[in-house]
Structures are given as C-alpha cells and as structure tokens.
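So you can see what is in the structure, the chains are spelled out below.
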Amino acid sequence: MLVVTGGLGRVATVLRPALPPDTRLIDLRPGGENLDLSDPRQAAEAVHGADAVLHLAATPSPGQDWSTAYQGNVVLTEILLRACGGRVPRIVLASSIHAMGLYHRPDRELISPEWTPWPCCAYGVSKVAVEKLGRRHAERYGVSVICLRLGSCGYPLDQRRIADMWLSDRDARHLASAALTADVEFGTYFGVSANTPARWDTTNAQAELGYRPADDSSAFDIPEDRPYEFPDCHMFS
Ligand SMILES: NC(=O)c1ccc[n+]([C@@H]2O[C@H](COP(=O)([O-])OP(=O)(O)OC[C@H]3O[C@@H](n4cnc5c(N)ncnc54)[C@H](O)[C@@H]3O)[C@@H](O)[C@H]2O)c1
Ligand SMILES: O=C(O)[C@H]1O[C@@H](O)[C@H](O)[C@@H](O)[C@@H]1O
C-alpha cells in the first residue's frame, strides 16, 4: 500500500489519476486522511503498514525564509523518516531544482544532478538537507530512498522562465511510478520534461529509473515573462 503525504496538494493532484486505488492520501487539509505529520505520533499513524511512501508534504514557496523552510521541509522530513524507520522499504522524497538553483545561469547549458548542490534560496537549502537526510536513511536501514528534484509541476506553462523546468502532467505521473518501482538504493534526479534546449540533465533518471519523458515545452507558444514572484530566491536574479 502506497502512502502519499501532501496528498491533496498541487503535485499530488497531478499524480492522483495514476495512483493505485488503495493509496492513502495524507494531508493537513480535510479531504483525505487528515493528519499533521509534524506530530511524530500522527506521522507514525500515517505510514503504518506502508510498502511505499511518496513524501510531498512540505512548505514549497521559493520565497520563504529559513525558519519556515526548515520546519516545513527539514524537520517534517526527519519526523517522517523516523516514523518509517526500517519498516518502509521504498521512500520517494520531493526535492526541487532550487537545490541547484545557482547553476541556473544563461551561460550554463546542461546542469548535472551529480554536481555539488548549489541552492539559490532558503527553500533550496532545505531541500539539500532533505536529500542528505534521505541518503543517511537509505544507508542506515538499507531501504530505497529516491529524491526527485522537481521542476515546475501542476502550474500552467504560461511563462518563459519555467520553460526549461516544466514537468508535464503526463511525465510527472510516469516519473513518480518509475521512482516508486525502481531498483535503486539511493539516487537524486531532476524531474523535468524533455524540454529543449535542455538545462537540467535527466540522463541518470533515464538510465537508473527508466524515465522516458515525452513532452517538450518548446512545442507550446509561451507568453513573455512576468517578474519573478519570489524576491528572496536568486535563481532568476
Ligand atoms: N509543484 C511544483 O512545481 C514543485 C516543484 C519543485 C518541488 N516541489 C515539491 O513537491 C512537493 C509538493 O509540492 P506541491 O506544489 O504539491 O505543494 P502544495 O503546497 O500544493 O502541497 C503540499 C501539501 O502538503 C500538505 N502539508 C504541509 N505540511 C503538512 C503537515 N505537517 N502534515 C500534513 N500535510 C502537510 C499541505 O497541506 C499541502 O496540501 C513539495 O515537497 C515541494 O517542495 C513542487
Ligand atoms: O521548486 C519549486 O517548488 C518551485 O520553483 C519555482 O521556481 C517554480 O516557478 C514553481 O513552479 C515551483 O513550485
């Protein structure tokens, strides 16, 4: 049985049509199973009996300050991983391209997920910490932990600045199921479509997860950019 945390959020809403019917959707918001994962007891209840956990619950704004990013991403993930212990054989953690946001420069063509993390904002720093917690968990318990550095998922493709990080609904569903079935102990992958020109290298996701992105943002007519709405994030400054 699959447990999806943040099961009523934006990404989960994209994924839901492709999730197994017995998936448990855990969220603070009423609608699914209403649990607060920041409470270790409720987190334990959430993951009880799970064969796999897809951890999407978070505070996702790239403009947030460190204290909310730390609580909503790092602390929440640590509580979740503790609740899983060695009992959940498969965990997929949502990270973000903001973990690598300072590589995103006009003069840089393809960004490798294997380079040293270089976050652009507190949110990105918190996602690097999430990935490190994931790695430690995989090594400690011998379970599979996969980190997906998602691009832009569940947002309309209406700004040029998200063209290279766009993750179509179809590719998001395929990537999630690939990650949830892969034979990998630990890995970190960019979750973007086959956008051209490519900026975020998905070669390792293709080789290790069997990810085959089908969509390309360049096939769409995208209007001019609006000013970036997250002033504390330096990815586009
Ligand atoms: N949407 C994107 O384009 C995108 C891009 C990169 C990374 N991500 C990451 O993917 C994940 C999902 O993002 P999203 O866009 O769906 O965000 P979202 O805010 O729409 O969904 C997150 C959900 O988690 C729930 N949640 C938060 N704290 C909780 C708690 N303590 N207990 C239970 N539920 C809690 C929220 O109620 C919300 O429904 C996040 O980790 C985010 O950082 C998303
Ligand atoms: O990484 C993230 O969560 C966010 O990154 C921003 O730059 C994107 O515009 C937004 O779509 C993503 O939700």
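Relevant structure appears above.
How each quantity is defined
- Residues numbered from 1 in each chain as written.
- Chains lettered and ligands numbered in written order.
- Predicted model: local features only at pLDDT ≥ 70, side-chain atom pairs only at ≥ 80, totals over all residues.
- Heavy atoms only, no water.
- Helix = DSSP H or I, 4+ residues; strand = E, 2+ residues; numbered from the N terminus.
- Near = heavy atom within 4 Å.
- Polar contact = N/O pair within 3.5 Å; in protein donor to acceptor, adjacent residues only side chain to side chain.
- Areas by Shrake-Rupley, 256 points an atom, 1.4 Å probe, with all protein chains shown as cover.
- Nonpolar A, V, L, I, M, F, W, Y, C, P; charged D, E, K, R; others polar.
- Salt bridge = Lys/Arg side-chain N within 4 Å of Asp/Glu carboxyl O.
- Buried < 20%, exposed > 50% of the residue type's maximum accessible area, 1.4 Å probe, protein only.
- Phe/Tyr/Trp six-rings, centres within 6.5 Å; stacked < 30°, edge-to-face > 60°.

1. What to know about unusual backbone geometry
For step 1, the next point in the chain: Cis rather than trans, the peptide bond between T196 and P197 has omega equal to -5 degrees.
For step 2, the next point in the chain: Tracing the backbone through its elements, the reader meets P197 in the loop between β9 (186-191) and α6 (203-209).

2. Observations concerning the site of ligand 2
For step 1, the next point in the chain: Around ligand 2, the surrounding shell consists of P60, P62, S96, H98, Y123, S152, Y155, R161, I162 and Y228.
For step 2, the next point in the chain: Y123 places a polar side-chain atom, nitrogen or oxygen, 2.7 Å from an oxygen atom of ligand 2.
For step 3, the next point in the chain: Relative to its free-state accessible area of 320 Å², ligand 2 is covered by the protein chains to the extent of 92%.
For step 4, the next point in the chain: For the shell around ligand 2, a count of residues per class yields six nonpolar, three polar and one charged.

3. Points about the pattern of salt bridges
When the charged atoms of two side chains lie near each other, side chains of opposite charge can form a pair.
For step 1, the next point in the chain: What the rule picks out here adds up to eleven salt bridges.
For step 2, the next point in the chain: Note that R82 is salt-bridged to E78, the shortest N-O span being 3.3 Å. Of this pair, R82 and E78 both sit in helix α3 (residues 66-84), four residues apart, which is roughly one turn of the helix.
For step 3, the next point in the chain: Given a relative accessible area of 63%, R82 falls into the exposed group.
For step 4, the next point in the chain: On the accessibility criterion, E78 (26% relative accessible area) is partly exposed.

4. Observations concerning the packing of aromatic side chains
For step 1, the next point in the chain: Applying the stated criterion across every chain, the model contains seven aromatic pairs.
For step 2, the next point in the chain: For the ring pair W66 and Y70, a centre distance of 5.5 Å and an interplane angle of 35 degrees mean the geometry is tilted. With W66 and Y70 both in helix α3 and four residues apart, the pair spans about one turn of that helix.
For step 3, the next point in the chain: Take Y70: its relative accessible area is 36%, and that puts it in the partly exposed class.
For step 4, the next point in the chain: Ring geometry for F190 against W200: centres 5.2 Å apart, planes inclined by 70 degrees, an arrangement best described as edge-to-face. Remark: W200 occurs in the loop between β9 and α6 and F190 occurs in strand β9; sequence separation between them is ten residues. The burial state of F190 is the same as that of W200; both residues are buried.
For step 5, the next point in the chain: Counting every residue linked through ring pairs, the aromatic cluster contains Y103, W115 and W118.

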